[in-house]
Structure formats: structure tokens, C-alpha cells
Amino acid sequence: MSVLVMKFGGTSVANLDRIRRAAKRVGVEVAKGHDVIVIVSAMSGKTNELVGWVEETSPLFDAREYDAVVSSGENVTAGLMALTLQEMDVPARSWQGWQVPVRTTATHASARIEEIPTDNILAKFGEGMRVAVVAGFQGLAPDGRITTLGRGGSDTTAVAFAAAFGAERCDIYTDVDGVYTTDPRITDKARKLDRIAFEEMLELASLGAKVLQTRSVELAMRYKVKLRVLSSFEEQSDTAGTLVCDEEEIMESNVVAGVAHSRDEAKLTVLSVADRPGIAATIFTTLSEAGVNVDMIVQNISEEGRTDMTFSCPTGQVARAEDALARIKADGKLNYGELVVDKDVAKISVVGIGMRSHTGVAAKMFQVLSAEGINIKVITTSEIKISVLIDRKYMELAVQALHDAFELDKVA
Ligand code: ADP
Ligand code: ASP
Ligand code: MG
């Protein structure tokens, strides 16, 4: 019997009506003969509310208790989805992460899945159950405590189940009908892609396109999971949505596949540090130990043996970065002038496998931004992407201008 994984995101299970609509989609697949594993997110807005309660209660919270609270939204939707299916006479039951158990690392709030035993659920399929509804986002640490997989983590739960059960496909049902050339909320010229390569999707996700969690794309690529993104609001066919697949399976593609943006970025500059071996190691070891996820790094030209070190991190981690850097200054471990913080920046990136063989993408990107009067604060590149930090107030304008300039509304 073939297993299909269907994941429903927050907006797709936002109320009882939507849960019923999603359950009907599941019913269609069951009728086709599939055994289905349904992964559900919390109702939309629920996880944000839970995170807010935790932060209000304890600003520097214990991440184990954060997970205890924040994982709970998915329990409600898993139970309600199983009940809805039962009402439709589809044999179904729910599982919370710990009951499977979805074994993870102990890195609370951003745990990684290590193992998903299949025997328990397969035995139930063997007894006639047709749908296993699993609460997404949740895991079990080696010490028995509940973990979560990071925001957007239900996508990763879905792909991990698809890999573990050798599923025929992993369908991610969401509020857009596929992966677009850029976030369709920013420009109505965004074009839906029929296919996108794993590597491009991986970059877009990690650079801010939240339609899939980065880790889910990594897992799909590694375990060759057939991954599809589609709308839970439209009538479906077997070819609907966007297929995330190997580069070789895509016939035509533009040099630039998409534009991504990340809103909550901050830029920090440590002024006047000594330009000698060990300084970068001291700064970035300190930040890493403080739990700061550093993204871009630039070291400026040195003058008279002193230099400036600039880096970016999520705005939510600025307080931790400031605290850690002030501490090593006070301890005499690092001598520097001032720490300059700019919390109003955004990151804009263009991504495309075509950049491996085409030159001039960076030049064009910089020209486009300059023509709009947008100043670039930091630049980083890799083989298939170029990212810049700019003032946040220009974020939408930059995405729209780049989307137009690279003609992403058209197929090359
Ligand atoms: P879910 O709750 O179903 O997991 P998310 O909100 O996490 O949904 O992800 C879907 C959203 O991702 C869309 O509503 C869209 O605004 C955003 N998004 C960002 N970039 C893209 C893109 N390139 N293609 C499609 N959606 C995108
Ligand atoms: N509910 C979790 C979140 O909002 C996980 C998910 O929806 O993927 O981040
Ligand atoms: Mg999501």
C-alpha cells in the first residue's frame, strides 16, 4: 500500500471549517487507495500567541519550557483533524510527536530530527486505520523532554515522515498555490513556478522565503523526497502546485530563479578592534556561545593596526549580541571603540543556478538598486546567490525593482 504525506499549514487549519475542507482533501486521497500521514500545524496565529506569552512571562526564557508551551498548538489541530476524519467515516487517529516518537537532538526551540520509528504507525495501518494524523513541529529529546523544530518546522516534520515511510509524495498544502518567483504578497507580478530545483529552493528558503522551512528542503534533497507545494483552497489535480525537484528535471529556467527578502535583520559594527590574528575568533566565538546566529560578516580595511568588524544577525538577537560583546570588553578580553547597531535593515537576495554560468548578475543587481536610490550596506555572494543589506524602508521597492529588471514575470 502506498503512503502519501499531506501537510496542512496554519491558515489551512485556521478554524473548524478549514479543518473540514482539509479533511475532505485527505478523504479524496484515501479513496484513491493511499494510506495517508497528515501533518498539521497549529491554527494560524496560535504559535505567535504562545511565543508572546512565553516572552512576556520570561524574557530570557528556559528553552525547555518554551518548547513545552509553544508545541501545544499542534496538539489541538491534530486531535480535531482526527475527529473530523472519523466523522467522515475515515478511520483515523492522532499522534503527538512524543508518542511516535519523533526523536530529536536536545537543541530546544530548533531541534533536529534524528529518527522516526515507523512500526507503531505501520501496525495501525495494518489494522485498517487509513489516516495517521501527526502533530507537526514537535519532537522528543534524548532526556525525554519535548522539543520543537524551529518556526515553520511542520514542513520538516512532513518531509521527515515522507522519508521515513518511503512515501510516494510529500504534499505541502498552504495559502498560496505554489512557490513563486518572489513572495506574491510583495508584487502581483510574482509568477508561480511549475518546478524549482532543490538547490534554488534551499537558498530561497534560507534567505527568507518562508513558504518552506530550510531544513525541510535539505531533507527532501538528501532523501530524494518528491516534494510538492500547493494550495489548500483550490481544487486539485495531480499536477497542481510546484514540484521541488532535481535540476536535471527542469527543462527551462531563467538565470535568476527568484528574489527573496528577510525583514528582521540587524547590522552591528564593532569599531576599532586590533587587526591581528585571533580577534575575529574571539568576537564570533563569543557571539556563538551567546546563541547569536551571525549571517553576513565584513572586515573593513585596517588603518594604523585597527579595523572595524561588521556582521548581521536577526533583530531578535541584538540584545544578546550587545550583552555578550559588552561582557568581553569589560573582562578585558576584547578592546574596541564602540558598538554601532542598525536595527532597520532588510536582506534582499537574488538566487539562480544559472549564475554559475552567467556573469553580470551582481552588476545588474547593483545598478538596479542604485537607479532606485537604494544604498547597499553589506554584500555577500555564493555560487548561486547574491545578497545585500539595505534600509528596511526600501525592502518592497527593491524586491519589485529586481523582479522587473530580471524579468521574472516571464519564462526566459
Ligand atoms: P503555512 O502556514 O502554510 O506553513 P507560511 O506562512 O509558512 O504558510 O508560508 C506561506 C507564505 O510564504 C505565503 O503566504 C507567502 O506570503 C510566503 N512566501 C514567501 N516567499 C514565497 C515564495 N517565493 N513563493 C510562495 N510563497 C512565498
Ligand atoms: N506552528 C509552528 C509555527 O508557526 C510550526 C509550523 O507551522 O510549521 O512556526
Ligand atoms: Mg510555514
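Residue indices follow the written sequence of each chain, beginning from 1 at its first position. Lettering for chains starts from A, numbering for ligands starts from 1, and both go in the order in which the items are written. pLDDT decides what is reported in this predicted model: residues at 70 or higher carry local features, side-chain atom pairs at 80 or more are listed and counted, and totals for whole chains, interfaces and linings draw on all residues regardless. Side-chain descriptors were evaluated using all non-hydrogen atoms of the structure, hydrogens and water having been removed beforehand.

Visitor: What is the right way to look at helix 11 (residues 361-371) in this model?
Guide: In an α-helix, one full turn covers 3.6 residues, which means residues spaced three or four apart are oriented alike. For every residue, the accessible area obtained with a 1.4 Å probe (protein chains only) is divided by the maximum for its type, and the residue is called buried under 20%, exposed over 50%, and partly exposed between those limits. Helix and strand labels come from DSSP, where a helix needs a run of H or I of at least four residues and a strand needs a run of E of at least two; each type is numbered from the N terminus. Within the sequence span of helix 11, burial applies to Val 361, Met 365, Val 368 and Leu 369. When helix 11 is viewed along its axis, its buried side chains cluster within an angular range of 95 degrees and face the same direction. When the buried face of helix 11 is taken as reference, the exposed residues oriented beyond 90 degrees from it are Gln 367, Ser 370 and Ala 371. Close packing links the buried residues of helix 11 with strand 16 (339-351), strand 18 (385-391) and helix 12 (395-405). Once helix 11 ends, the next one or two residues include Gly 373, with phi positive near 75 degrees. Throughout, the arc means that of the directions going from the helix axis to the C-beta atoms. The contact rule is simple, with two residues in contact once any of their heavy atoms fall within 4.5 Å.

Visitor: How do you make sense of the site of ligand 2 when you look at a structure like this?
Guide: Lining the immediate environment of ligand 2, one finds Ser 41, Ala 42, Thr 47, Glu 74, Phe 137, Arg 151, Gly 152, Gly 153 and Ser 154. Two N or O atoms count as a polar contact when they lie within 3.5 Å, although within protein this holds only if one can serve as hydrogen donor and the other as acceptor, and sequence-adjacent residues are included solely when both atoms are side-chain atoms. Within the side chain of Thr 47, a nitrogen or oxygen atom sits 2.8 Å from a nitrogen atom of ligand 2. Note that a nitrogen atom of ligand 2 is positioned 2.6 Å from one of the side-chain N or O atoms of Glu 74. We get accessible surface area from the Shrake-Rupley algorithm with a probe of 1.4 Å; when it comes to residues, only the shown protein chains can shield them. Relative to its unbound accessible surface of 260 Å², ligand 2 loses 87% to contact with the protein. Here the residues of the shell around ligand 2 are counted per class, giving two nonpolar, five polar and two charged. Consider each residue's heavy atoms; a residue with any of them within 4 Å of a molecule or strand counts as near. In this count, Pro and Cys sit with the nonpolar residues alongside Ala, Val, Leu, Ile, Met, Phe, Trp and Tyr, while Asp, Glu, Lys and Arg are called charged and the others, Gly among them, polar.

Visitor: Any chance you could explain the pairing of strand 13 (residues 258-274) here in plain terms?
Guide: Along any regular strand the residues' side chains alternate between the sheet's two faces. Across the 17 residues that make up strand 13, a large majority, 13, are buried. At least two DSSP bridges between two strands are required for those strands to pair. Of the strand pairs in this sheet, strand 13 and strand 16 are connected by ten bridges, and their pairing is antiparallel. Across the sheet, the residue bridging to Val 270 is Leu 339, located in strand 16. Relative to strand 15 (residues 306-314), strand 13 runs antiparallel, the two being bridged by eight bridges. Paired with Leu 268 across the strands is Phe 311, a residue of strand 15.

Visitor: Any chance you could explain the pattern of salt bridges here in plain terms?
Guide: Where side chains of opposite charge bring their charged atoms close, a pairing between them can arise. Note on definitions: salt bridges are taken to be side-chain nitrogens of Lys or Arg within 4 Å of carboxyl oxygens of Asp or Glu. Under the defined criterion, the tally for this structure stands at 28 salt bridges. Salt-bridge contacts for Lys 46 lead to Glu 49; the nearest nitrogen and oxygen are separated by 2.7 Å. One end of the pair is Lys 46 and the other is Glu 49, both in helix 2 (residues 46-57) and three residues apart, which spans about a single turn. Here Lys 46 falls in the partly exposed class, since its relative accessible area comes to 29%. For Glu 49, a relative accessible area of 33% translates into the label partly exposed. When the shortest N-O distance is used, the salt bridge between Asp 171 and Arg 228 registers 3.0 Å. One end of the pair, Asp 171, is in strand 9 (residues 169-174); the other, Arg 228, is in strand 11 (residues 227-231), with 57 residues separating them in the sequence.

Visitor: I would appreciate a short explanation of the packing of helix 7 (residues 198-206) against helix 8 (residues 214-223) in the present structure.
Guide: Helix packing for two helices is described by the angle between their axes and how far apart those axes are. Simply put, an axis is a line fit to the C-alpha atoms, just over the touching stretch for a helix, and the angle between two N-to-C directions goes from 0 to 180 degrees. The contact between helix 7 and helix 8 brings their axes to 8 Å, and the two run at 165 degrees. As judged from the angle between their axes, helix 7 and helix 8 are roughly antiparallel. The element helix 7 and its partner helix 8 pack so that their crossing is left-handed. Of the residues in helix 8, those in contact with Phe 198, Glu 199, Met 201, Leu 202, Ala 205 and Ser 206 of helix 7 are Thr 214, Val 217, Glu 218, Ala 220 and Met 221. Considering only residue class, the contact of helix 7 with helix 8 consists of seven nonpolar, two polar and two charged. Roughly parallel means an angle under 35 degrees; roughly antiparallel means over 145; roughly perpendicular covers 65 to 115; every other angle is labelled oblique. Note: crossing handedness is left-handed where the near helix turns anticlockwise from the far helix by less than a right angle, and right-handed where it turns clockwise.

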